[in-house]
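For reference, the chains in residue letters:
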Amino acid sequence: MKKVLLGNEAIVRGALSAGVDFVSGYPGCPSAEIGDEFGKIAKENGVYAEWSTNEKVALEAAIGASFSGLKSLVNMKSFGMNVCSDSLLPLAYTGTKAPMVIVVADDPSCHSSAQTEQDSRVYAYLSHLPMLEPADVQECYDFTKLGYEISEKFNIPVILHTTTRVNHQRAPVEFKKIDTRPMAKGEFVKNPHQFSTMPPRVMEMKKELLEKIEKIRQFAEKSKANEIFGDKKSKIGIITCGVSHLHLMEALLELDLNLPVLKLGFFYPLPEKLIANFIKDKKKILVVEELEPYLEKEIARIAKSVNPKLEIFGKNVLPEIGELNTEKINLAVAKLTGKKIDLNKEKQLNLPKRTARLCEGCPYWHIFPTLKRVAPDAIFGGDIGCNMIAGLPPHDMHDYLFSMGASLGISHGVAKAAGPESKRKVISMMGDGTFFHAGIPALINAVYNKSNPLIVILDNRITAMTGHQPNPGMGKNAMGEPAEELKIEDIVKACGVKHVRVLDPINTKEFEDTIKDFLGKEEVSVIIAKRICALLLKRQAAEQHDQ
Amino acid sequence: MTNKTFNIIITGVGGQGLVTLVQIIDETAFIEGYDIKSSELHGLSQRGGAVLVHIRFGRKVCSPMVSRGQADLIIGLEMLEGLRGSEFSGPKTNFLINKYSLPFMGGLKGEEIIKLLPKENLHLVPASEICKEKLQNEVVSGLYLLGYAIHKKLMPLDEKSVAEAINKIIPPKYQELNLKALKLPHENN
């Protein structure tokens, strides 16, 4: 059947069609709809789906499922790759038993990402895992299926690398409708020789992995995922991948040029013979890829032996910062071919920027101003999620913002550096989802190492920013089943924190008094400011009304 | 069926229902047999911030994004954001702007925005006000604007196909409200 789908929905359809049994992940933008959709349809499709506490745990859950014979899918945004990499690298050594696809979604131009403009493709090199890059929604479906095929054939997890303009692209997709089926049961069969990365066996495993990659390279040489378009005789060629391919085709259409294009679906391992054949009789090659010049470097390396005089263009005519689009590629192709183009004059409007803001009725409206008023001299550590908005006007509170849970780790360092006699309090602000994700080890560290920051946990009862995913604090799991509702205050106390207060931040007097009291503490203190997300409250009311 | 690819930019503020509008327009174009690609943003950019989505339909569409200067139609669900969308306008671009302002600190006043909007090919329509008055609901102002665009032939799609798309995309209990908003500009004339 054919239907208009979002890139993320097509990935879900592709996985279902490949017979996925087990889905885990951590919500982030632009990948979150994958896990959301699986949560909704899991039961009728015989799939188990979970939001894990973080990406490392999510990957590990899928490893366990794979070792037990279940087909798995792991989904995360760019930075999730950093979190799960500790287990990703050994997984490359052990390989999979049942196939696994790992979806990682980057966000060039940082539309919805703090931290960095990360190009996660580098993880293919670091881990030696095959990586596929879909350009459009149809390829989201096709390449997910191809990922399972490769994974099954070579017993290795396959990474599907996407970007915002692929995940959040909509287009008609041809796909197979899947019949409902009962949930599959896995069975773990002991095989420590394969599943344990102990030395000296680990060195053999590395050799096995590298041999496997060479076999996959042979597979990639013949794969339809790499395509050649256009007039092959031209002396100027273009190599591209991912969504850049779509912008490039648009640019060639606008410029009325019929240049040969090699579109690589495989980022790793590269089909080197195919590339060598493509470039061997060319004078100039343009490499069109977003962010880092990974492909460009590889092509320069291949050219050394097959066509040392080849002129290679890439980041000298295309930006390394920000996503690509048709106009940027137009300009690069024009430079290469000497074709004249009319530049669209940039309209200088200089309009005031409308930045993200807290929703109407958001409990954080009661938290940020109170903290600022009561502790005007404090140092504020910001964290990921809706509380990132504390770093924007009118709040402007963040003194530093890094990664999930990092506010607390850094606050501890700042407090230790100043010493116990310092009068300036260090305050960390962190959401409930972030606390479960990466806040707990940092809290234990602060207590154990006799630090004294104040941590305000902004418990709005859900993981809100990425689209209201359930988390361990709300008594519900990804499939909508009732689950254990973990109490943050119990965890905080168990971590050795002596000064803990749970309150509703709308009670300003109590909140103010508690902040004042905790500002004077010589040990770690925690305020759990608990009030439901305004959007969630509205939705719950609407659901109740419907029942 | 139009031969040339039709380029739409829709701008607004997170929470105004832009993604639903994209889904409906995509589905409508699909029903009419077009190739489609659209691009939207979720997450941080949606939290009350400025949102800009691209929709392109035609015989064969490559890029999911409209290039600057090439929008055929810019729909602004909010005035300042509609003005911001003019980055994508060329000499022939039609502007369909909701006469509705969501102010913020350091923003522009309604009358200042109107002064900056293009003088030609501008349709400044109080969609939110009309929807609030006639349907007691502002959220469907996007559907009103879509109905207006079709009625005034600013967009080469058919109202019947939009109605079909609404019935596919929108949950049953809100379908009637959306259909009413779609047909309102037609009835008003």
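Keep in mind the model is a prediction, meaning the values are calculated, not measured. Counting from 1, residues in each chain are numbered in the order their sequence is written. By the order in which they are written, chains take letters starting at A while ligands take numbers starting at 1. Local features in a predicted model are, by the rule used here, given only for residues with pLDDT of at least 70; side-chain atom pairs are given and counted only at 80 or more, and totals for whole chains, interfaces and linings are based on all residues.

**Side note on the overall build of chain B**
- Secondary structure summary: chain B contains 7 helices and 6 strands in total.
- Helices (α) and strands (β) of chain B occur, in sequence order from the N terminus, as β-α-β-β-β-α-β-α-β-α-α-α-α.
- Just to be clear, the radius of gyration here is over C-alpha atoms, and the globule rule we use is 2.2 Å times residues to the power 0.38. Relative to a compact globule of 189 residues, whose C-alpha radius of gyration would be 16 Å, chain B shows 15 Å and is just as compact.
- In terms of principal-axis extent, the alpha carbons of chain B reach across some 45 × 35 × 35 Å.
- Here chain B holds 189 residues, and the buried ones make up 57% of them. Strands are runs of DSSP state E lasting at least 2 residues, helices are runs of H or I lasting at least 4, and numbering of each runs from the N terminus. Put plainly, a residue is buried at 20 or more neighbouring C-beta atoms within 10 Å of its own, exposed at 12 or fewer, and partly exposed in between, counting only other residues' C-beta atoms, which are placed from the backbone.

**Examining helix H4 (residues 78-94) of chain A**
Residues and elements named next belong to chain A.
- For a helix, the expected span equals 1.5 Å multiplied by the number of residues minus one. Between its terminal C-alpha atoms H4 stretches 23 Å, which fits the 24 Å expected from 17 residues at 1.5 Å a residue.
- Here the bend at a residue is taken as the angle between two axes, fitted respectively to the seven residues that end there and the seven that start there. Maximum bend of H4: about 65°, positioned at Ser85.
- Restricting attention to buried positions, one finds in H4 the residues Ser78, Phe79, Gly80, Met81, Val83, Cys84, Leu88, Leu91, Ala92, Tyr93 and Thr94.
- Looking at the buried side of H4, the elements it contacts are helix H3 (55-67), strand S4 (72-77), strand S5 (100-106), helix H5 (122-127), helix H8 (192-195) and helix H9 (201-222). By the criterion used throughout, residues are in contact when their C-beta atoms, derived from the backbone, lie within 7 Å.

**Examining the sheet that holds strand S2 (residues 22-25) of chain A**
Residues and elements named next belong to chain A.
- At least two bridges found by DSSP between two strands are what make those strands a pair. The strand order S3-S2-S4-S5-S7-S6-S12 describes an open sheet built from 7 strands, whose pairing is mixed. The open sheet has two free edges, formed respectively by strand S3 (48-51) and strand S12 (266-268), since each of these has just one partner strand.
- With 6 bridges connecting them, S5 and strand S7 (residues 158-163) associate as parallel partners. Within the sheet, the bridge partner assigned to Val101 lies in S7 and is Val158.
- As a rule, the C-alpha atoms of each element are fitted with a line to give its axis, helices using only the stretch in contact, and angles between N-to-C directions run from 0 to 180 degrees. Strand contacts of H3: S2, S3, S4 and S5, with the helix running at about 170° to S4, the strand carrying the most contacts.

**Quick word on the domain arrangement of chain A**
All names here are of chain A.
- Domains are outlined according to an automatic or database domain assignment. Parsing chain A into structural domains produces domain 1 (2-222), domain 2 (227-337) and domain 3 (364-546).
- Computed from C-alpha coordinates alone, the two centres of domain 1 and domain 2 are separated by 27 Å.
- In this complex, domain 1 contributes 24 residues to the contact, which on the side of domain 2 involves 21 residues.
- Counting only elements with at least two residues in the side of domain 1 that touches domain 2, the list comes to H5, strand S6 (131-132), S7, helix H7 (164-167) and H9.
- Take the side of domain 1 that touches domain 2: its biggest share by element is 5 residues, from H9.
- Broken down by class, the residue content of the side of domain 1 that touches domain 2 amounts to 13 nonpolar, 3 polar and 8 charged. For this classification, Asp, Glu, Lys and Arg are treated as charged, while Ala, Val, Leu, Ile, Met, Phe, Trp, Tyr, Cys and Pro are nonpolar and the rest, including Gly, are polar.

**Looking at the packing of helix H1 (residues 18-31) of chain B against helix H6 (residues 159-169) of chain B**
All names here are of chain B.
- Contact pair H1 / H6: the axes reach a minimum separation of 8 Å and the direction vectors enclose 120°. By the angle between their axes, H1 is oblique relative to H6. Here H1 and H6 pass one another in a crossing that is right-handed. In contact with Gln23, Ile24, Glu27, Thr28 and Ile31 of H1, H6 contributes Ser161, Val162, Glu164, Ala165, Ile166, Lys168 and Ile169.
- Tallied by class, the residues present in the contact of H1 with H6 amount to 6 nonpolar, 3 polar and 3 charged. Under this scheme an angle from 65 to 115 degrees is roughly perpendicular, one under 35 degrees roughly parallel, and one over 145 degrees roughly antiparallel; angles in between are oblique. Handedness of a crossing is defined here by the sense of rotation of the near helix relative to the far one, left-handed for an anticlockwise turn of less than a right angle and right-handed for a clockwise turn.

**Overview of the pairing of S3 of chain A**
Residue and element names in this part refer to chain A.
- Alternating positions in S3 separate into two faces, Tyr48 and Glu50 on one and Ala49 and Trp51 on the other, with burial throughout.
- Inspection of the sheet shows S2 paired to S3 by 4 bridges, in the parallel sense. Residue Phe22 lies in a different strand from S3, and its bridge partner there is Tyr48.
- A right-handed crossover is one whose linking path, passing over the helix from the first strand to the second, runs clockwise when the strands point away from the viewer. Handedness of the crossover joining S2 and S3 through helix H2 (residues 32-41): right-handed.

**Looking at the sheet that holds strand S9 (residues 227-229) of chain A**
Residues and elements named next belong to chain A.
- Taken together, 5 strands build an open sheet; the order of strands is S9-S11-S10-S13-S14 and the sheet is mixed. Pairing within the sheet leaves two strands with one partner each, and these edge strands are S9 and strand S14 (311-313). Mean inter-strand twist for the sheet, computed between neighbouring axes without regard to direction, equals 20°.
- Alignment of strand S10 (residues 236-241) against strand S11 (residues 261-264), held across 4 bridges, turns out to be parallel. Bridging across to S11, Ile238 finds its partner in Val261.

**Brief notes about unusual backbone geometry**
All names here are of chain A.
- At the junction of Tyr268 and Pro269, the peptide bond is cis and its omega measures out at -10° in the coordinates.
- Here Pro269 lies in the loop between S12 and helix H11 (272-279).
- The backbone of Ser109 sits at a positive phi, close to 80°, despite the residue not being glycine.
- Inspection of the secondary structure assignment puts Ser109 in the loop between S5 and H5.

**Details of the interface of chain B and chain A**
- Chain B puts 37 residues into the contact, and the matching count from chain A is 37 residues.
- Those elements that place two or more of their residues in the side of chain B that touches chain A are H1, strand S2 (35-39) and helix H2 (79-84) of chain B.
- For the side of chain B that touches chain A, the leading source of residues is S2 of chain B, giving 5 residues.
- Classifying every residue of the side of chain B that touches chain A by side-chain character gives 15 nonpolar, 13 polar and 9 charged.
- Pairing geometry for strand S8 (residues 169-174) of chain A and S2 of chain B, over 2 bridges, is antiparallel. Looking at the pairing, Gln169 of chain A lines up with Ser39 of chain B of S2 of chain B.

**Digging into helix H1 (residues 7-17) of chain A**
- Counting buried residues in H1 of chain A gives 10 out of 11 residues, a clear majority hidden from the surface.
- The positive-phi residue at the C-terminal boundary of H1 of chain A is Gly19 of chain A, with phi of around 85°.

**Re the environment of Asp142 of chain A**
All names here are of chain A.
- In this fold, Asp142 is placed in helix H6 (residues 137-154).
- Among the residues examined, Asp142 registers 22 C-beta atoms within 10 Å and is labelled buried.
- In sequence terms Asp142 and Glu254 are 112 residues apart; their C-alpha atoms lie 28 Å from each other.

**Let's talk about the confidence of the model for chain B**
- Mean pLDDT over chain B stands at 94; residues scoring 70 or higher make up 96%.
- Across the assembled chains, the prediction reports ipTM 0.96 with pTM 0.97. Confidence per residue, as judged by the predictor, is encoded in pLDDT with a range of 0 to 100.

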